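# Structural characterization, general
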Amino acid sequence: MFRLSREPLDPVALRQSRLDPRGGAFVSFEGRVRDQNEGRRVLALEYEAYGELAEKEGARILAEARAKFTLLDVACAHRTGRLGLGELAVWVGVTAAHRDAAFTACRYIIDECKVRVPVWKKEHYSDGASEWLNSAVCGDHTGLAKDG
Amino acid sequence: MFRLSREPLDPVALRQSRLDPRGGAFVSFEGRVRDQNEGRRVLALEYEAYGELAEKEGARILAEARAKFTLLDVACAHRTGRLGLGELAVWVGVTAAHRDAAFTACRYIIDECKVRVPVWKKEHYSDGASEWLNSAVCGDHTGLAKDG
Amino acid sequence: MKTVQLQYFALLRDQRGVATESLTTTAATAGELYERLREQHGFTLGPAHVRAALNGEFAPWDAPLRAGDTVVFIPPVAGG
Amino acid sequence: MKTVQLQYFALLRDQRGVATESLTTTAATAGELYERLREQHGFTLGPAHVRAALNGEFAPWDAPLRAGDTVVFIPPVAGG
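Everything quoted here is computed from the prediction, not taken from an experiment.

Reading the values: rules and limits
- Residues numbered from 1 in each chain as written.
- Chains lettered and ligands numbered in written order.
- Predicted model: local features only at pLDDT ≥ 70, side-chain atom pairs only at ≥ 80, totals over all residues.
- Heavy atoms only, no water.
- Contact = heavy atoms within 4.5 Å.
- Buried area = accessible area lost by both parts, 1.4 Å probe.
- Salt bridge = Lys/Arg side-chain N within 4 Å of Asp/Glu carboxyl O.
- Axes fitted to C-alpha atoms, helices over the stretch in contact; angles between N-to-C directions.
- Helix = DSSP H or I, 4+ residues; strand = E, 2+ residues; numbered from the N terminus.
- Parallel < 35°, antiparallel > 145°, perpendicular 65-115°, else oblique.
- Left-handed = near helix turned anticlockwise from the far one by under 90°.
- Pairing = 2+ DSSP bridges.
- Buried < 20%, exposed > 50% of the residue type's maximum accessible area, 1.4 Å probe, protein only.
- Least-squares fit on C-alpha atoms with pLDDT ≥ 70 in both.

## Brief notes about the interface of chain C and chain A
Across the contact, 24 residues belong to chain C and 32 residues belong to chain A. Counting each side, the surface lost to burial between chain C and chain A is near 2,300 Å², with a carbon and sulfur contribution of 56%. Of all residues in chain C, Val77(C), Ala78(C) and Gly80(C) give up the largest surface area on contact with chain A, accounting jointly for 27% of the area buried on that side. Between chain C and chain A we count four salt bridges in total.

Take a look at the structure:
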């Protein structure tokens, strides 16, 4: 299950909905709005998504994880809209019989989402400036996977 | 914080207690009683700990993780006593500014705990048998890190 | 000449000043259309940093444009 | 001759039949004590699969035993 949400993500409910009675290993990742990025003080974030394609690409990433690793369940939810400091931006949860698969798949999903799912992040700084991440004029892709 | 608990572990409360207002990446691991192990149907588990040394060794592992990786917070809780199917046996939570450190440290902590912390697991099977894991007469250490 | 529907996101929306537009163009491919729009609106992102999507799916730059296509140019993503 | 306190866990507790005992011994080291107990009680685990702890800390097999020590032999752990 991959979904975009304009409403705040509830990690407790997300986790609860993915529990598997067969037990085993559950690994989850939470990405939260940080108070700084490259030395600048962040006050808030805005996430914008190309919803139609983001949901397709997110679902493809989850399907790839299921194909590559032996898993019982995978899920990912990504927030859109304006988020304050500490708010949950992305959640990934993976259940597997063995922890190796759960860790590796959880990492795979968040890494792929960050570089493939059409979601954009605009940071608002304490000095009044704001900026779309990874879109600097002379930007290259080297900064893509650095944050979070 | 490393602790042993005879009472059921509450992953919601554990997570809540470790949230860091600086945000960033939070990775957690939950190990739950599985319904089978190497083809045998598991009904329940019993965890026994040498409490004094387990808490020292657990605290050392967390300190090592903090020394090796750039982290904001680490915590681990391990259940003792008799657990039913699906019950939470171990919980690890790591917060860091960046996800790479959070994933790597979380994995480090659970891997080290499984081979170093003096906690023993007795599985009770559906055929009435029970067995201390990794203690078979001709046992060697190859099976040590396999489960969960 | 064909008419396509454009949607803009993030930096490209800011630089274009609108979120959607209907455009009649002689551009044969997605890449050709992006180069023209870039010149016209001063988009700062070169094509090496942008991907094209046609009708809700990623498409190569040389994908032909057809009348009625929905076209989205995708700046570097930054989720999570 | 010295008296030490033993605690047993898991398989070793099952095989010894008690959780604790006070023992007077001439064994000079932890390893020597384990070998004697193993022979006496038929412990199935060889020393390669067991670790010693003295007074709440891991100790090498050749660690000397002192009067009043708390001694624990640690079967292969299996947490998580």
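## A look at the packing of helix α2 (residues 51-68) of chain A against helix α3 (residues 99-116) of chain A
Residues and elements named next belong to chain A. Where α2 meets α3, the closest approach of the two axes is 10 Å, and the angle between their N-to-C directions is 150 degrees. Accordingly, the angle class assigned to the pair α2 and α3 is roughly antiparallel. Regarding α2 and α3, the two cross each other, and that crossing is right-handed. In contact with Glu 57, Arg 60, Ile 61, Leu 62, Glu 64, Ala 65 and Lys 68 of α2, α3 contributes Tyr 108, Ile 109, Glu 112, Cys 113 and Arg 116.

## Considering the sheet that holds strand β2 (residues 24-32) of chain B
Pairing is mixed across the open sheet formed by eight strands, whose spatial order is β1(A)-β5(A)-β7(A)-β2(A)-β2(B)-β7(B)-β5(B)-β1(B). Every other strand in the sheet has two partners, leaving β1 (2-5) of chain A together with β1 (2-5) of chain B as the edge strands with one partner each. Strand after strand, the sheet turns through a mean of 10 degrees between neighbouring axes, direction not considered. Pairing between strand β2 (residues 24-32) of chain A and strand β7 (residues 88-96) of chain A: eight bridges, direction antiparallel. Looking across to β7(A), one finds that Phe26(A) is bridged to Thr95(A). On top of the sheet, helix α1 (residues 11-18) of chain A reaches β1, β2, β5 (73-79) and β7 of chain A together with β2 of chain B; it is set at about 20 degrees to β7(A), its chief contact. Relative to the sheet, helix α2 (residues 51-68) of chain B contacts β1 and β5 (73-79) of chain B, its axis offset from that of β1(B) by approximately 145 degrees.

## What about the environment of Gly31(A)?
Tracing the backbone shows Gly31(A) in strand β2. Under the relative-accessibility criterion, Gly31(A) is labelled buried at 6%. For the pair formed by Gly31(A) and Arg107(A), sequence separation is 76 residues and the distance between their alpha carbons is 12 Å. Setting aside residues up to four positions removed in sequence, Gly31(A) forms contacts with Glu87(A), Leu88(A), Ala89(A), Val90(A) and Gly24(B).

## Concerning the relation of the copies chain B and chain A
For the pair chain B and chain A, the relating rotation is 180 degrees, the translation along its axis is 0.0 Å, and the fit reaches an RMSD of 0.0 Å. On the angle and the small slide along the axis, the relation comes out as a two-fold axis. Distance from the rotation axis, computed per C-alpha, reaches its smallest value in chain B at Ser28(B): 2.7 Å. An overlap of 97% is found between the interface residues of chain B and their copies at the interface of chain A, pointing to a shared contact surface.

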